[in-house]
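This is what each chain is made of:
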Amino acid sequence: MIAGTERAQAAYPYYMQFTAADDQRFWFYNSMHFPEPMSAFDMVTAEAAYCALGSSTTRVHCIPTTLGIDYRIINGRVYIGGNAVTDPREIARRTGEFQQRAFYYYGNWERLYAQWREKMLALIRDAQALPKLELPEFEPLSNVHSGRGIATNHALLDTYQRTLEGYFRMWHHHFEFLLLGYGAYMTFFAFCKKAFPEISDQTIARMVAGIEAEIFRPDQEVRRLARRAVELGVDDEFREGRTPQAIMAALETRGAAGRGWLDELATSRDPWFNINVGDGFYHYHRSWNDDLSMPFAGLPGYIAAVRAGESLERPIEKLQAERRQLIQDYRELLGSEQERQAYDQMIGLAHRVFPYVEGHKFYCEHWYTNLFFNKIREFGALLAAHGFFAREDDVFQLTHYELKAAIIDLMTAWSNGSPPRGPEHWPQIVAERRAAIAEWAKHSTPPALGPVPDVIDDPAIVMLWGITRESLDRWLRASSDVESRELRGFAASSGVVEGPACVVKSVEEIGRVRKGDILVCQITNPTWAPIFQKIAGAVSDIGGSMSHAAIVAREFGLPAVVGTGTATSRIKDGQLIRVDGGRGVVTLLS
């Protein structure tokens, strides 16, 4: 623990804290989902997610070889450790349960997924319908005359509890299909590795490339808006460095054409701009609708491409053609009709279920999560107005338990006419926790803690996080490899490209990316798609062959290497580098 931050560390709930018993377990830093120190409230994202993930793997679908994931937090960083099932008898018992549950889902996938979508839309509507927060001086006379019998202050507690419950519920929906989607792919992956010993992870991944998923729709809307700007003759208003507000104000003066484009923007914004600039785990990763900077930053480049007669479409037909050819070529290598039938069934199932693996993110991590954080922000504004702290975003320095206490403090003060206690209690604590987060961000984070296992063979950990014994060894000895001109990782997307590195360590720095740069980051995100038109390639610290970073790179045809472990610390901003996405090698050229 970093000295001087002990009180901020102690703010996290007891069940998230490391204990002496944890020293004998292996933990790795989940920088894929939590690349920055977590504030006290934001830890609810890990809490709700791992609660639902464990329920799905352990109790609902009964994955045979794994239970849930334990998590701990130190210096604002989230470490996770898996609970494997190794007893053959227990694996066999759980396999029987898994077959009854998972196979039913696979057999009824389309119907159950349509049902899932309606459940998520209903949850979103419920969140949108939550009442605005208010504490009038006197209870409205209409409430008194109607005999309602419940004062307005109770609505604060009711709304908060519904807000929190909805968020925990969302994560159960999130995992309803996700692990089964990965499971279908991993079964096919394991078959290919056995049948074709020389096949690369990237080649198998390309057999499910060219997917249509709703997570790509926001970027498609930005491209559509670029085309409409050219068609309406207002494309001259979209210039690099001009703010969205300035552009929209100028369009208001352009008559029917300008108003026509603004109408098109309104159509895109609901619902497709309900997408966060991050991955949905931090309150300050605001949605495009809250801050239009990200989509508007992509418009000048797309408009220039339209003017030049270039296609703005993802190379989906090319990807699908390559996919079909790969599938056929490897099918012909199989030695029996029985193997070919099994191969056909497995790849067919992977294609049916895989769009969900990316598509669910729009509804869960983005649309719903943005509604959730914005409702918490409303509570922050109410508390700030009553002097609990200086600004509404200070609310995120409280745990969700502490926020409930602050709400009840305010409810009580309103009811009895005494001043609330919060204004004396919270400002110093908020300042202390903000300072701790700033301090934690200055320090490097070990990629792993505890004894490293001899073998890491969980396919999900390998493919999603890029955690293998070899990669861990490489990361742990990184300090002794500082003279090397090469970084190695997973070959995520083929191609070779050279260019200047743009090292981006937080979402706020994305605006620095320029045309021809190679993006170097901890982890990429599908919502960064509007800047993908600018970059020549991508390199990430974390991720395996089926991480979001790898999937997005393949979908956009960009050379990429993921899971290097140390790219953002080894590569300097502006440094000339070469990315070999086919070999998984990044070379420092200057």
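Starting afresh in each chain, residues are numbered from 1 along the sequence in its written order. Owing to the predicted nature of the model, reporting of local features is limited to residues with pLDDT of at least 70; listing and counting of side-chain atom pairs is limited to 80 or more, with chain, interface and lining totals taken over all residues. Values reported for side chains reflect all heavy atoms of the structure, with hydrogen atoms and water molecules removed beforehand.

Draft legend 1. Representation of the packing of aromatic side chains in the model. Aromatic pairing here means that ring centres of Phe, Tyr or Trp (its six-membered ring) are within 6.5 Å. Orientation follows from the plane angle: under 30 degrees is stacked, over 60 is edge-to-face, and everything else is tilted. Tallied over the full model, the rule gives 43 aromatic pairs. Between the aromatic rings of Trp109 and Phe177, the centroid separation amounts to 4.8 Å while the plane-to-plane angle is 85°, which identifies the pairing as edge-to-face. A residue pair is termed long-range when its members are at least 10 positions apart, and Trp109 in helix H4 (residues 109-128) and Phe177 in helix H6 (residues 153-195) qualify at 68 residues. You'll find Trp109 and Phe177 in the same group, each marked buried. Strands are runs of DSSP state E lasting at least 2 residues, helices are runs of H or I lasting at least 4, and numbering of each runs from the N terminus. Relative accessible area decides the class of each residue, using a 1.4 Å probe on protein chains only: under 20% of the type maximum gives buried, over 50% gives exposed, and in between gives partly exposed.

Draft legend 2. Structural context of the sheet that holds strand E5 (residues 486-488). Pairing between strands is defined by DSSP: at least two bridges between them are needed. With respect to topology, eight strands assemble into an open sheet ordered E5-E12-E11-E7-E8-E9-E10-E6, the strand pairing being mixed. One side of each edge strand has no neighbouring strand; the edge strands of this open sheet are E5 and strand E6 (490-493). Across this sheet, the average inter-strand angle for adjacent strands is 30°, counted without regard to direction. For E6 and strand E10 (residues 560-562), the ladder comprises three bridges, and the chain directions are antiparallel. Residue Ala491 lies in a different strand from E10, and its bridge partner there is Val561. We call two residues in contact when some of their heavy atoms are within 4.5 Å. Whenever a helix is involved, its axis is fitted only over the stretch in contact; in every case the axis is a line through C-alpha atoms, and angles between N-to-C directions fall within 0 to 180 degrees. Packing against the sheet, helix H19 (residues 548-555) makes contact with E6 and E10, and its axis sits at approximately 40° to E6.

Draft legend 3. Up close: the environment of Pro453. For Pro453, the location among the structural elements is in the loop between strand E4 (448-449) and helix H16 (459-465). Put simply, Pro453 and Pro500 are 47 residues apart on the chain and 37 Å apart in space, counted from C-alpha to C-alpha. For Pro453, the residues in contact, after removing those within four places along its chain, are Phe26 and Arg469.

Draft legend 4. Here's a closer look at the environment of Ser493. With respect to the element layout, Ser493 can be found in strand E6. Judged by relative accessible area, which is 5%, Ser493 ranks as buried. When the C-alpha atoms of Ser493 and Ser336 are compared, they prove to be 31 Å apart, with 157 residues separating the residues in sequence. Once you skip the residues sitting within four places of it in the chain, Ser493 turns out to touch Gln202, Ala553, Arg554, Leu558, Pro559, Ala560, Gly581 and Gly582. A polar atom in the side chain of Ser493 sits 2.8 Å from the backbone oxygen of Leu558. Residues adjacent in sequence count toward polar contacts only when both atoms are side-chain atoms; beyond that, a polar contact is any pair of N or O atoms within 3.5 Å, and within protein one must be able to donate a hydrogen and the other to accept it.

Draft legend 5. Molecular detail of the pattern of salt bridges. One speaks of a salt bridge when a side-chain nitrogen belonging to Lys or Arg is within 4 Å of a carboxyl oxygen belonging to Asp or Glu. Going through the model one piece at a time under the given rule, you end up with 41 salt bridges. Two residues, Arg228 and Glu264, come together in a salt bridge whose shortest N-O distance is 2.9 Å. Here Arg228 is found in helix H8 (residues 217-232), whereas its partner Glu264 is found in helix H10 (residues 255-272), with 36 residues between them in sequence. What makes Glu264 buried here is its relative accessible area of 19%.

Draft legend 6. The arrangement of unusual backbone geometry in detail. The omega angle of the peptide bond from Asp270 to Pro271 is 15°, so this bond is cis rather than trans. With respect to the helices, strands and loops of the structure, Pro271 is situated in helix H10. The residue Cys62 is not glycine, and still its phi comes out positive at about 55°. Within the secondary structure, Cys62 is located in the loop between helix H2 (44-60) and strand E2 (66-74). You can call Cys62 buried: its relative accessible area is 7%. Backbone geometry at Asn75 places phi at a positive 55°, although glycine is not the residue there. Note that Asn75 resides in the loop between E2 and strand E3 (77-84).

Draft legend 7. Inspection of the sheet that holds E4 at higher detail. Spatially, E2-E3-E1-E4 is the arrangement adopted by the four strands of the open sheet, whose pairing is antiparallel. Since the sheet does not close on itself, it has two edges, and those belong to E2 and E4, each with one partner. With seven bridges connecting them, E2 and E3 associate as antiparallel partners. Bridge pairing links Ile69 to Gly82 in E3. Packing against the sheet, H2 makes contact with E2 and E3, and its axis sits at approximately 165° to E2.

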